[in-house]
Amino acid sequence: MSGCTITPITTNKACSGKCKSGGCRTKSNVWVLAACEGMAALFQKQSDGHLSPLLENGSNISSFANDLRDRLTNALEHGDFSQLVLVGSANDISWTQASLPISVSKQVVAEIEYPLMLAWFSAPSNTGRLTKALETMLQD
């Protein structure tokens with residue numbers, strides 16, 4: 001190994017978003033996309049671990065149609081999120097991933113198989129149950 005110079009990396013380290021000492025230089029904006037049988041809900045993960053529903057037209061629940069794909073594309077272009085977590089059954093994750101534009105798909109950092117109930121997506125009054133289930137699942 002003579003002649004090798006090892007230079008330790010001291011700057012620009014990747015941030016996991018779990019810094020305890022506040023040492024992260026940049027804040028990663030994590031969005032969570034929960035999907036169940038053609039329905040989707042979008043959340044922003046807060047630094048305290050809670051999820052904030054990303055409402056549009058007064059609701060967080062929508063069918064996974066062009067408007068949601070367009071919303072994700074526009075949000076990515078404006079820097080609203082840097083990481084996307086997909087949550088749902090294996091089938092829901094599969095069709096969601098296949099439906100995402102390539103630019104958004106590149107931001108997917110995790111696919112979490114988790115049983116979601118369609119009832120949580122059927123009425124705005126059930127959004128709280130969906131939010132609580134996702135927050136519990138994402139706890140450290």
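Cut-off values and rules
- Along each chain, the written sequence defines residue order, and numbers are assigned to residues from 1.
- The predicted nature of this model means local features are confined to residues of pLDDT at least 70 and side-chain atom pairs, given and counted, to a pLDDT of 80 or more, with totals for whole chains, interfaces and linings taken over all residues.
- For side-chain calculations, the full set of non-hydrogen atoms in the structure is used, while hydrogens and water are omitted.
- Where helices and strands are cited, they refer to DSSP runs of H or I of at least four residues and of E of at least two residues respectively, numbered from the N terminus.
- Relative accessibility thresholds used throughout: buried, under 20% of the residue-type maximum; exposed, over 50%; partly exposed, between the two (1.4 Å probe, protein chains only).
- A pair of strands is considered paired only if DSSP assigns at least 2 bridges between the two.
- Joining through side-chain atoms within 4.5 Å is the link that ties buried Ala, Val, Leu, Ile, Met, Phe, Trp, Tyr and Cys residues into a set, and such a set is a nonpolar core.
- By definition, residues are in contact when any of their heavy atoms lie within 4.5 Å.

We now examine unusual backbone geometry. You will see that Glu37, though not glycine, has its phi angle at about 45 degrees, which is positive. Take Glu37: it is sitting in the loop between β1 (30-36) and β2 (39-45).

Attention now moves to the pairing of strand β5 (residues 83-88). Of all the six residues making up β5, five are buried; the element is thus mostly covered by neighbouring parts of the structure. As defined by bridge partners, β1 adjoins β5 across five bridges and the pair is classed as parallel. For Val30, the partnering residue across the bridge sits in β5 and is Gln83. Two strands pair when backbone bridges link them, and β5 and strand β6 (residues 108-113) are joined in this way by five bridges, in the parallel orientation. Bridging from a neighbouring strand, Val87 pairs with Ile112 of β6.

With that out of the way, let us pick up the nonpolar core. Grouped together as the largest cluster of nonpolar side chains are 17 residues, with contacts concentrated most on Val32, Phe43, Val87, Leu116, Phe121, Leu130 and Leu134. For this core, the element with the most residues is helix α5 (residues 127-138), which contributes five residues. Once residues within four sequence positions are removed from consideration, Leu134 is found in contact with Ala34, Phe43, Leu51, Val87 and Leu116.

With that settled, the discussion passes to the environment of Glu135. Residue placement: Glu135 occurs in helix α5. Sequence separation between Glu135 and His50 is 85 residues; the distance between their C-alpha atoms is 6.1 Å. With sequence-adjacent residues up to four places away left out, Glu135 is seen in contact with Gly49, His50 and Leu51.

By secondary structure assignment, the location of Ala133 is in helix α5. Excluding residues within four positions of it along the chain, Ala133 makes contact with Tyr114 and Trp120.

Turning to the side chain of Asn29, a few remarks are in order. Considering the arrangement of structural elements, one finds Asn29 in the segment before β1. Its relative accessible area of 18% is what places Asn29 among the buried residues. Those residues in contact with Asn29 that lie beyond four places of it in its chain are Gln44, Gly79, Asp80, Phe81, Ser82 and Gln83.

Let us look at the environment of Phe81. Within the secondary structure layout, Phe81 lies in the loop between α1 (66-77) and β5. As a C-alpha pair, Phe81 and Val30 span 51 residues in sequence and 5.7 Å in three-dimensional space. Residues contacting Phe81, with those up to four places away along its chain left out, are Asn29, Trp31, Leu72, Ala75, Leu76, Val104 and Gln107.

Remember that the coordinates give geometry; whether it matters functionally is a separate question.
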